[in-house]
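Geometric and topological summary
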Amino acid sequence: MELRPYQRRVNYYETDQMAIVHHSNYIRWFEEARLDFLDQVGLNYRQLEETGLIVPVVDVSCRYHVSARYDDVLDIYAFLTEFNGVKMCYRYEVRFHDTGVLAADGTSSHCFLDEQRRPIVLRRRLPEVDAQLKSLVEKK
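Let me sum up the structure you'll find in this document. Given the structure is predicted, the values throughout are model-derived calculations rather than measurements.

The next thing to look at is the overall build of the chain. Scanning the chain from N- to C-terminus turns up four helices and five strands. For the chain, the C-alpha radius of gyration of 16 Å lies close to 14 Å, the compact-globule estimate for 140 residues. In terms of overall dimensions, the chain has a C-alpha envelope of 50 × 30 × 20 Å along the principal axes. Partitioning the intrachain contacts of the chain with sequence separation of at least 6 by distance along the chain shows that 65% fall at a separation of at least 24. Only carbon and sulfur atoms are counted for the fraction: they give 50% of the accessible area of the chain, which is about 8200 Å². Considering the chain, the positive charge centre built from 19 side chains and the negative charge centre built from 22 side chains are found 6 Å apart.

Printed below as a string of structure tokens:
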């Protein structure tokens, strides 16, 4: 399946006094790209939550390469790199739309919890979602 990158324009409020994007926004953009990735593959996050599934962030990291600035257009790629039914991991690339230059990259990992915030095994709770996520893991 060919997925398109999540695209967004840098807003003024996301920048500091030097018109450079504040570092915390990249983490937000990772989340936006991850939710867009799930939407593109037919796994709308709101619908997953309505089944009682909660998918919190366990950890996240970001490396900054080239500063993005106000009004830059960015392509944010999300790749599912690991999934075992209990945990899933993503990697991200934030690239300038016009040049493809890498602005930042990072990773995040997530677990699956039920309504009482207890860990679950996805293949037991939602086997069709489990199978779909397994099929989406990035081939190395």
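Moving on from the coordinates now.
Attention now goes to the environment of Glu-32. Residue placement: Glu-32 occurs in helix 1 (residues 24-40). Note: C-alpha distance between Glu-32 and Tyr-45 (13 residues apart in sequence) is 11 Å.

So, about unusual backbone geometry. Trans is the prevailing form of peptide bonds, just as negative phi is the prevailing case for residues other than glycine. The phi torsion at Asp-71 lies on the positive side, around 80°, for a residue other than glycine. With respect to the helices, strands and loops of the structure, Asp-71 is situated in the loop between strand 2 (57-64) and strand 3 (73-83). Phi angles above zero are rare outside glycine, and Arg-117 is one such case at about 65°.

Looking now at the packing of aromatic side chains. Tallied over the entire structure, the rule returns eight aromatic pairs. For the pair Phe-37 and Tyr-90, a centre-to-centre distance of 5.7 Å together with 85° between the ring planes defines the contact as edge-to-face. Separated by 53 residues along the polypeptide, Phe-37 in helix 1 and Tyr-90 in strand 4 (residues 87-96) bring together distant segments of the chain. Accessibility assignment for this pair places Phe-37 and Tyr-90 in one class, buried.

Before going further, it helps to spend a moment on the pattern of salt bridges. Oppositely charged side chains can pair when the atoms bearing their charge come close. Inspection of the entire model under this criterion finds twelve salt bridges. A salt bridge links Arg-34 to Glu-31, with the nearest nitrogen and oxygen atoms 3.8 Å apart. Placement of both Arg-34 and Glu-31 in helix 1 is noted, with a separation of three residues, approximately one turn of the helix. The class of Arg-34 is buried, set by a relative accessible area of 9%. For the salt bridge of Glu-93 with Arg-91, the shortest nitrogen-to-oxygen distance reads 2.8 Å. Within the structure, one salt-bridge network assembled from shared partners comprises Arg-91, Glu-93, Arg-95 and Glu-138.

Rules used in this analysis
- Residues numbered from 1 in each chain as written.
- Predicted model: local features only at pLDDT ≥ 70, side-chain atom pairs only at ≥ 80, totals over all residues.
- Heavy atoms only, no water.
- Helix = DSSP H or I, 4+ residues; strand = E, 2+ residues; numbered from the N terminus.
- Rg over C-alpha atoms; globule rule 2.2 N^0.38 Å.
- Contact = heavy atoms within 4.5 Å.
- Areas by Shrake-Rupley, 256 points an atom, 1.4 Å probe, with all protein chains shown as cover.
- Lys, Arg positive; Asp, Glu negative; His and termini not counted.
- Charge placed at Lys NZ, Arg CZ, Asp CG, Glu CD.
- Phe/Tyr/Trp six-rings, centres within 6.5 Å; stacked < 30°, edge-to-face > 60°.
- Buried < 20%, exposed > 50% of the residue type's maximum accessible area, 1.4 Å probe, protein only.
- Salt bridge = Lys/Arg side-chain N within 4 Å of Asp/Glu carboxyl O.

All quantities given are derived from atomic positions and should not be read as evidence of function.
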